[in-house]
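# Understanding the architecture of this molecule
Letter by letter, the chains look like this.
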Amino acid sequence: MASGTAKRTENTGETLSLPIEGMTCASCVGRVEKVLVGLPHVTAANVNLATERAEITFRGPADPAGAALAVETAGYSVPEDTTELAIEGMTCASCVGRVEKALKAAPGVLGASVNLATEKATIRHLAGVVTPAVLEEVVRNVGYEARRVGDEPVGDREREGRQREYRALTRSLGLAALLTLPVFALEMGSHLIPGVHEWVMDTIGHRESWYLQFVLTTLVLFGPGLRFFRKGIPALMRLAPDMNSLVALGTAAAYGYSVVATFASWVLPAGTVNVYYEAAAVIVTLILLGRTLEAKAKGRTSEAIKRLMGLQAKTARVVRNGETVEVPLDQVRAGDLVQVRPGEKVPVDGEVTEGSSFVDESMITGEPVPVQKAAGAAVVGGTINKTGSFTFRATKVGADTVLAQIIRMVEQAQGSKLPIQALVDKVTMWFVPAVMAAAALTFLVWLVFGPEPAMTFALVNAVAVLIIACPCAMGLATPTSIMVGTGRGAELGVLFRKGEALQSLKGVEVVALDKTGTLTKGRPELTDLIVAPGFSDAEVLGLVAAVETRSEHPIAEAIVEAAKARGLGLAPVDGFDAVPGYGVSAGVQGRRIEVGADRYMQRLGYPVADFAAAAARLGDEGKSPLYAAVDGRLAAIIAVADPIKPSTPQAIAALHALGLKVAMITGDNRRTAEAIARQVGIDQVVAEVLPDGKVEVVKRLRDGGRQVAFVGDGINDAPALAEADVGLAIGTGTDIAIESADVVLMSGDLRGVANAIALSKATIRNIKQNLFWAFAYNVLLIPVAAGVLYPIDGTLLSPVVAAGAMALSSVFVLGNALRLRGFQPAMTNDALETGLDAAPAALATR
């Protein structure tokens, strides 16, 4: 996925998603955001610790190189990558120059070298900002063909980077633990286990034991622990300390004091000659343990993206030059004819041209029943072909496919920053400096007022304060929950286009629903056919359908479709005549057929009293009846309506269970609208609304400060979707509606609204739990580490215990966020009872 590719925003500027390496805590986030916002052409920057990416908005064209340079000046790095392309069509040095110039001008490219002899280009670029597919397109735009060297598909580079980080941390942790164990055994064993001290004195010797601890601890600090000094000390020198700075200062203080005690003990006050090698070594080992567990948990937060990317086919069988060849997915072009065999994944989006089959589209719609596909039917990349085989013409490839757009939506939502994060950002900007000040104050207070040996107490407690502070937990509290929550939503068919909607949905009090296509199926169907004595259903339906073949009205189409579904033959029609506002008439096989509203029958002189009871019942059900006459005699009453989706009543009940009010907005007359509302349990009806009046209705529903969510699917719903506090678009609707929405329900099932709101509440609850833990942990334990309990009950916190607690706090936050992976939707497809009748909605009389 070209998730990092710059894209145009509404304010005509571009946004850029930039991967960043080296961030470890919330203060790192604030620092990177500060330098990015300070760039002259940047209007906003949002840095996410969990995704390790920065979303940067520029006033004009994106400047990846400038942003990367700013990140590097702040002490962090943007990963680089190298792509090799095979170029076809170059004939001379000018071709080489043209290709090189085009590649170097591509956003995110740091350098390009083109070789005419090998016909290859080597491009060095920022990882995640420009993809091989984009580079190929750049070459094609200057008149040459390009393909990536090697048939391997483009992998998830960020996932690979995290896996490398996890493996490196695992190796460092293993080495640190191996070296730390003897130090811990020598020092702490002497205090905790009777007889160990005497054994050490008799076999190794007191001074020799310190020498051994010095060697082993030096290897720990300047081996596996060097990463903390490499990042922490430069940050400290820039007066921008981070978590690495805290660890580096704490371990350096414990180690430095111990070195002085070991090799220059005469400079220390009497009674203060002690060593704390085990504290320095164990702190590094425990923090590496926390980082390792954190890296593993971080990898699990993005599993939804991995699963979505796993849905993509790796190759496609394409017809080229009359032959079928298998090519990598990124070489499929729009217009290609693609063949799909039974059991294979559909590679890209397209339209079936030949053959037929059943396709499992559950990954898009959530519906488990395979859908039949024949010539003219649309297919979606990533869905699974079940039985037959077919050929389709590719219409959307690469980043334009539905699956690619889903992945992009999820990535954008996972990288977003919720309003609740604002408080965290303000706190974490001064958190690390405040901790360092607290450690300095702790040292001075113990040195001046503490018991003897005051220097020892001062050092140990100051180190404990430095080590126990955990900006990591504060920085990870919100983004990890967002990542897991939005990922789980994608698995349930709920796509959060804007991360802010994840928080806004929680406060919604009123859900306003468009009727057609949202509550209803959006297409009329024949629901009732009641014939007079002497006529049969098939006879009347066949005659009426034959007449309606001449009409393009949706009601006419529904009647014709019903006749075809019953296998009825439609006879030729002559003398067709339409009477505007009344009905139609025509001759069919020598018989005179007239179809229309009750006023048409009365105008023709046909009494409708015999159908009065049926007409009243249909009216109560929200249906508008039509009448059919055959050869001057009233033959039947017909109802065609837009049926309510089978899942709608359950969806409304689920919204009520969440404590929400439900309103329906429709252009239907009030009687029809209220009949539908009674059937499904809607609280408030706003009827006879013109398409451009929906925005005003949303504003009225907001009276009293209530937050309103609007659910729609049509082009005329787009303004209301944008006006509502949260707009939810039915995924089967129009692109314009989807683009105007904050949340997209991929299945077109209204039950997704209840799922989205329930998921929002669960995610915000999870974020608050994380924030409470992160803040409470620091507020409570930093004073304990400073020694406030010592005058009361003699409690002091060892730096070793502080390191363990700090490591666990981040792991706790990540573990709590991962609980969202087990979120169960309020409504599932399985909850829908079989045989549920579709309650039809009314369709306006012609």
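All values derive from a computational prediction rather than experimental measurement.

A few words now on helix 7 (residues 206–221). Given a rise of 1.5 Å per residue, 16 residues ought to cover 22 Å, and the 22 Å separating the end C-alpha atoms of helix 7 matches this to within 8%. Taken together, the buried positions of helix 7 are S209, W210, Q213, L216, T217, V220 and L221. End-on view of helix 7: buried residues confined to an arc of 135°, all on one side of the axis.

In sheet architecture, strand pairing relies on hydrogen bonds along the backbone and comes in two forms, parallel and antiparallel. Read across the sheet, six strands follow the order 10-9-11-17-12-15 without closing on themselves; strand pairing throughout is antiparallel. Single-partner strands in this sheet number two, and they are strand 10 (323–328) and strand 15 (378–379). Strand direction decides the pairing type here: strand 12 (residues 349–355) and strand 15, joined by two bridges, are antiparallel. Looking across to strand 15, one finds that E351 is bridged to A378.

With respect to the element layout, D336 can be found in the loop between strand 10 and strand 11 (337–340). The exposure class of D336 is buried, given its relative accessible area of 12%. Here the side chain of D336 touches R333 through a polar contact of 2.9 Å, landing on its backbone nitrogen. Those residues in contact with D336 that lie beyond four places of it in its chain are V318, R320, Q331, F392, R393 and A394.

A cluster of like positive charges, contributed by K506, R765, K768 and R819, occupies part of the molecular surface. Structurally, K506 can be placed in the loop between helix 17 (500–504) and strand 19 (510–514).

For the rest of this paragraph, the subject is the environment of S172. As for its position among the elements, S172 is in helix 5 (residues 157–192). Spatially, the C-alpha atom of S172 lies 8.1 Å from that of G225, the residues being 53 residues apart in sequence. Contacts of S172, omitting those with residues within four sequence positions, involve P224, R227 and L288.

As a further point, take the packing of aromatic side chains. Within the structure shown, the criterion is met by 14 aromatic pairs. Between W446 and Y790, the ring centres sit 5.2 Å apart and the planes meet at 70°, which makes this aromatic pair edge-to-face. A residue pair is termed long-range when its members are at least 10 positions apart, and W446 in helix 14 (residues 421–449) and Y790 in helix 29 (residues 790–793) qualify at 344 residues. The structure contains a cluster of three or more aromatic residues connected by ring pairs, namely Y211, F214, F222, F229, Y255, F263 and Y277. The lysine or arginine in question, R599, covers the ring of Y582, its NZ or CZ lying 5.8 Å from the ring centre. Across from the ring centre of Y582, 4.7 Å away, lies the NZ or CZ of R603, which sits over that ring.

To continue, consider the nonpolar core. Considering soluble globular proteins, one finds that nonpolar side chains tend to be buried as a cluster. Of all hydrophobic cores here, the largest spans 138 residues; its most connected members are L36 and L728. Here this core takes 16 residues from helix 28 (residues 751–786), the largest share from any one element. Filtering out sequence-adjacent residues up to four positions away, L36 remains in contact with V42, A45, V47, A54, I56, A67, A70 and V71.

Let us look at unusual backbone geometry. Residue P453 is reached from E452 by a cis peptide bond, and omega for that bond is -5°. Within the chain, N321 stands out as a residue other than glycine whose phi angle is a positive 55°. Summarising the element assignment, N321 is placed in the loop between strand 9 (315–320) and strand 10. Take N321: its relative accessible area is 81%, and that puts it in the exposed class. The phi dihedral of D631 falls on the positive side, at around 55°, and the residue is not glycine. For D631, the position within the fold is in the loop between strand 24 (625–630) and strand 25 (633–643).

For the rest of this paragraph, the subject is the pairing of strand 23 (residues 591–596). Strand direction decides the pairing type here: strand 22 (residues 583–588) and strand 23, joined by six bridges, are antiparallel. Residue pairing across strands places V588 opposite R591, the latter belonging to strand 23. Joining the antiparallel neighbours strand 22 and strand 23 is a turn of two residues, in which Q589 adopts a positive phi near 55°. Sheet analysis places strand 23 next to strand 24, joined by four bridges and oriented antiparallel. What sits directly across from V595, in strand 24, is A628.

Right, let's get into the UniProt feature "transmembrane region" (unreviewed entry) in the protein. As annotated in UniProt, the feature "transmembrane region" (unreviewed entry) corresponds to residues 168–189, 209–226, 246–268, 274–293, 427–449, 455–478, 771–790 and 796–818 in the numbering used here. Helix makes up 78% of residues 209–226 and strand 0%. Its end C-alpha atoms lie 24 Å apart. In residues 796–818, the share of helix is 87% and the share of strand is 0%. The end C-alpha atoms are 33 Å apart.

Cut-off values and rules
- Residues numbered from 1 in each chain as written.
- Predicted model: local features only at pLDDT ≥ 70, side-chain atom pairs only at ≥ 80, totals over all residues.
- Heavy atoms only, no water.
- Helix = DSSP H or I, 4+ residues; strand = E, 2+ residues; numbered from the N terminus.
- Expected span 1.5 Å × (residues − 1).
- Buried < 20%, exposed > 50% of the residue type's maximum accessible area, 1.4 Å probe, protein only.
- Arc of directions from axis to C-beta.
- Pairing = 2+ DSSP bridges.
- Polar contact = N/O pair within 3.5 Å; in protein donor to acceptor, adjacent residues only side chain to side chain.
- Contact = heavy atoms within 4.5 Å.
- Patch = residues over 30% accessible without salt bridge, like charges linked within 9 Å, V, L, I, M, F, W, Y side chains within 5 Å.
- Areas by Shrake-Rupley, 256 points an atom, 1.4 Å probe, with all protein chains shown as cover.
- Salt bridge = Lys/Arg side-chain N within 4 Å of Asp/Glu carboxyl O.
- Lys, Arg positive; Asp, Glu negative; His and termini not counted.
- Charge placed at Lys NZ, Arg CZ, Asp CG, Glu CD.
- Phe/Tyr/Trp six-rings, centres within 6.5 Å; stacked < 30°, edge-to-face > 60°.
- Lys NZ or Arg CZ within 6 Å of the ring centre and 35° of its normal.
- Core = buried A, V, L, I, M, F, W, Y, C linked by side-chain atoms within 4.5 Å.
- UniProt positions renumbered as here; feature names shortened; annotations may be inferred.

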